[in-house]
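Observations on the three-dimensional arrangement
The primary structure of each chain is shown beneath.
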Amino acid sequence: AKVAVLLSGRGSNMAALLYAAKAADCPFRIALVSGDKPQAPGLLLAEAEGVPVLRLSAKELGREAFFGQLDDKLREAGADYIALAGFMRILPADFVGKWTNRILNIHPSLLPKYKGLDTHQKALDAGDRVAGCSVHIVTPELDDGPILAQTEVAVLPDDSAETLAARVLIAEHQLYPRALAGYVSRELDPSWIEQKVGELAL
Ligand code: GRF
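Residues numbered from 1 in each chain as written. Predicted model: local features only at pLDDT ≥ 70, side-chain atom pairs only at ≥ 80, totals over all residues.

1. Regarding the UniProt feature "binding site: N(1)-(5-phospho-beta-D-ribosyl)glycinamide" (unreviewed entry) in the protein
Mapped onto the present numbering, the UniProt feature "binding site: N(1)-(5-phospho-beta-D-ribosyl)glycinamide" (unreviewed entry) falls on Gly-11, Ser-12 and Asn-13. With respect to the helices and strands, the residue Gly-11 is situated in the loop between strand 1 (2-7) and helix 1 (12-20). On the basis of neighbour counts, which here come to 23 C-beta atoms within 10 Å, the residue Gly-11 falls in the buried class. Not counting chain neighbours up to four residues away, the residues in contact with Gly-11 comprise Ala-40, Pro-41, Gly-42, Leu-45, Ala-46, Ala-85 and Gly-86. Counting through the fold element by element, Asn-13 comes out in helix 1. C-beta crowding within 10 Å serves as the criterion here: with 27 such atoms nearby, Asn-13 is assigned to the buried category. Excluding residues within four positions of it along the chain, Asn-13 makes contact with Ala-85, Gly-86, Ile-106, Glu-172, His-173 and Tyr-176. (UniProt positions renumbered as here; feature names shortened; annotations may be inferred. Helix = DSSP H or I, 4+ residues; strand = E, 2+ residues; numbered from the N terminus. Buried ≥ 20, exposed ≤ 12 C-beta atoms within 10 Å, placed from the backbone. Contact = placed C-beta atoms within 7 Å.)

2. Topic: the UniProt feature "binding site: (6R)-10-formyltetrahydrofolate" (unreviewed entry) in the protein
The UniProt record annotates "binding site: (6R)-10-formyltetrahydrofolate" (unreviewed entry) at Arg-63, Met-88, Arg-89, Ile-90, Leu-91 and Asn-105. Relative to the helices and strands, Arg-89 is located in the loop between strand 4 (81-84) and helix 5 (93-98). Note that Asn-105 resides in strand 5 (residues 103-107). If we ignore the near neighbours within four places in the chain, the residues touching Asn-105 are Leu-84, His-136 and Val-138.

3. Topic: the nonpolar core
Burial of nonpolar side chains together is a common tendency in soluble globular proteins. By size, the foremost hydrophobic cluster in this structure holds 55 residues, and its most contacted members are Val-5, Leu-17, Ala-83, Ala-85, Leu-104 and Leu-180. At 9 residues, the largest contribution of residues to this core is made by helix 7 (residues 161-185). Dropping the residues within four chain positions of it, Ala-83 is found in contact with Val-3, Val-5, Leu-17, Leu-104 and Leu-180. (Core = buried A, V, L, I, M, F, W, Y, C linked by C-beta atoms within 7 Å.)

4. Section: the site of the ligand
The local shell around the ligand holds 14 residues, among which Gly-9, Ser-12, Asn-13, Gly-86 and Pro-108 are the closest. Of all the secondary structure elements, the ones that give two or more residues to the shell around the ligand are helix 1, strand 5 and helix 7. (Near = placed C-beta within 6 Å.)

5. A word on helix 4 (residues 63-76)
For an α-helix, the turn length of 3.6 residues means that residues three or four places apart are oriented alike. Here helix 4 contains 14 residues, and its C-alpha end-to-end distance of 20 Å stays within 8% of the 20 Å for a straight helix at 1.5 Å per residue. Every buried residue of helix 4 is listed here: Phe-67, Leu-70 and Leu-74. One face of helix 4 carries all of its buried residues, which in axial projection span an arc of 60°. Turned more than 90 degrees off the buried face of helix 4, the exposed positions are Glu-64, Ala-65, Asp-72, Arg-75 and Glu-76. Backbone geometry just downstream of helix 4 places Gly-78 in the positive-phi region, at approximately 75°. (Expected span 1.5 Å × (residues − 1). Arc of directions from axis to C-beta.)

What follows is the structure, encoded as structure tokens:
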């Protein structure tokens, strides 16, 4: 399967997907890396790794033209799936509708807890002993689609949002490639998706 990765920042999850895709038995490959910010550091890494990169500025184009062009280019690149990896924009419902069940996201919390930003501080403020990360199917509601897989991560007594984020990120890098591989291997088997997905057997 061909996967397009969308990012806005440093791109460490993109890198995890990219390096996983180098394994001979990996069922996906990265066909394109793009995002909303032409200067995102993650794009530089993708380029250095020889992956096709598309630089679009959502700021310059405006929301409608940006998502329109993005959709065109993803189709041109032959993408079967989109993996959001630190893509900091809410997708328009009509864009999601064109890629139903074909967009995945990684989120740094144990969803449905702590949608949106500042997940680690929220977990610390709540006194949680366990944090983690989730991979889910993207629906028009933010961080809300069916959960494909999660990894729990222990919270340490002296954790700050930064130290916890760093530990969760290690788990993210393990989880995302495995969840994506498991998902694309099922080739959108509708009964499996309907069953609300549950935990992937990773
Ligand atoms: C990750 O924590 C991811 O879960 C969240 O944004 C962050 C992106 O980090 N959606 P990176 O750009 O992949 O390093």
